[in-house]
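# Notes for the structure review
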Amino acid sequence: MNLTDLKWSKNVNYQGSTVFWTFPIDSISKIFLLHWKNTNEDNARNPKQGELIMIRQYAHVTHVVKLFNNTLYGGDGSGSEFNIGRLIQVVWVASDLENPPNYKEVFGCPIVFPPDGKVHLLENNNNFKEHWNNHGGFLEFKNYVKGVLDEYGEWKEPLIEL
């Protein structure tokens, strides 16, 4: 898997639960909506088609997803506060969702992300920059994280190449 477009991280929690949310993945359901809080519409528009987002849940990295297009979906009338979303396809999933890799191991250092459900540009995170600027930069991070993800999970063949 080419990680050139790995740029983002997003915290996802299944509301009202402390168990990891398992995206419904099988041979035909790798594409679905990743939701944002309704008030975070601008943030939901930030990632562009083809870019990758590392999904964090409870201080663990559980998935890597690819943005399918640039469309923001929403307004389904459900009344949910998480009523907007982006169409994504899963490209990596942790092999053991009962014990996925800790974010410190995946990112190579402790990183503080706000638990706000927004996407955050990795290169703008001060902890990330401080560590990786002294360890070969963003390109070296991508080489490092590919090895960690290879060890702890499975790359999924995309249903549709973007």
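All of the points below concern the structure found in this document.

Each value, and the rule that gives it
- Residues numbered from 1 in each chain as written.
- Predicted model: local features only at pLDDT ≥ 70, side-chain atom pairs only at ≥ 80, totals over all residues.
- Heavy atoms only, no water.
- Helix = DSSP H or I, 4+ residues; strand = E, 2+ residues; numbered from the N terminus.
- Buried < 20%, exposed > 50% of the residue type's maximum accessible area, 1.4 Å probe, protein only.
- Contact = heavy atoms within 4.5 Å.
- Areas by Shrake-Rupley, 256 points an atom, 1.4 Å probe, with all protein chains shown as cover.
- Core = buried A, V, L, I, M, F, W, Y, C linked by side-chain atoms within 4.5 Å.
- Salt bridge = Lys/Arg side-chain N within 4 Å of Asp/Glu carboxyl O.
- Expected span 1.5 Å × (residues − 1).
- Arc of directions from axis to C-beta.

### Quick notes on the overall build of the protein chain
Counting its secondary structure elements, the protein chain contains 4 helices and 7 strands. Secondary structure elements of the protein chain occur, N-terminal to C-terminal, as β-β-α-β-β-β-α-β-α-α-β. Looking at the protein chain as a whole, 43% of its 162 residues qualify as buried. Within the protein chain, counting contacts between residues at least 6 apart in sequence, those at least 24 apart form 70% of the total. Accessible area of the protein chain: about 8300 Å², with a carbon and sulfur share of 48%.

### Regarding the nonpolar core
Formed by 22 residues in total, the largest nonpolar core has its most connected members in L6, M54, F107, F141 and V145. Residue assignment for this core shows that the elements contributing at least two residues are β3 (52-57), β4 (60-74), β5 (84-94), α2 (103-107), α3 (126-133) and α4 (137-152). Element by element, the count of residues in this core is highest for α4, at 4 residues. Aside from chain neighbours lying at most four places away, what touches L6 is L52, M54, L122, F138, F141, K142 and V145.

### Considerations on the pattern of salt bridges
According to the stated counting rule, one finds 5 salt bridges in the structure shown. Taking the shortest distance from any N to any O, the salt bridge between D150 and K146 comes out at 3.0 Å. Of this pair, D150 and K146 are both found in helix α4, 4 residues apart, which corresponds to roughly one turn of the helix. In this structure, E154 engages K156 in a salt bridge whose closest nitrogen and oxygen atoms are separated by 3.5 Å. Residue K156 is classed as buried on the basis of its relative accessible area, which comes to 18%.

### Topic: α4
The end-to-end C-alpha separation of α4 is 23 Å, in line with the 22 Å expected for 16 residues at 1.5 Å each. Taken residue by residue, α4 has G137, F141, K142, V145, V148 and L149 as its buried positions. Buried residues of α4, viewed axially, fall in a sector of 140 degrees; they line one side. Of the exposed residues in α4, those oriented more than 90 degrees away from the buried face are L139 and E151.

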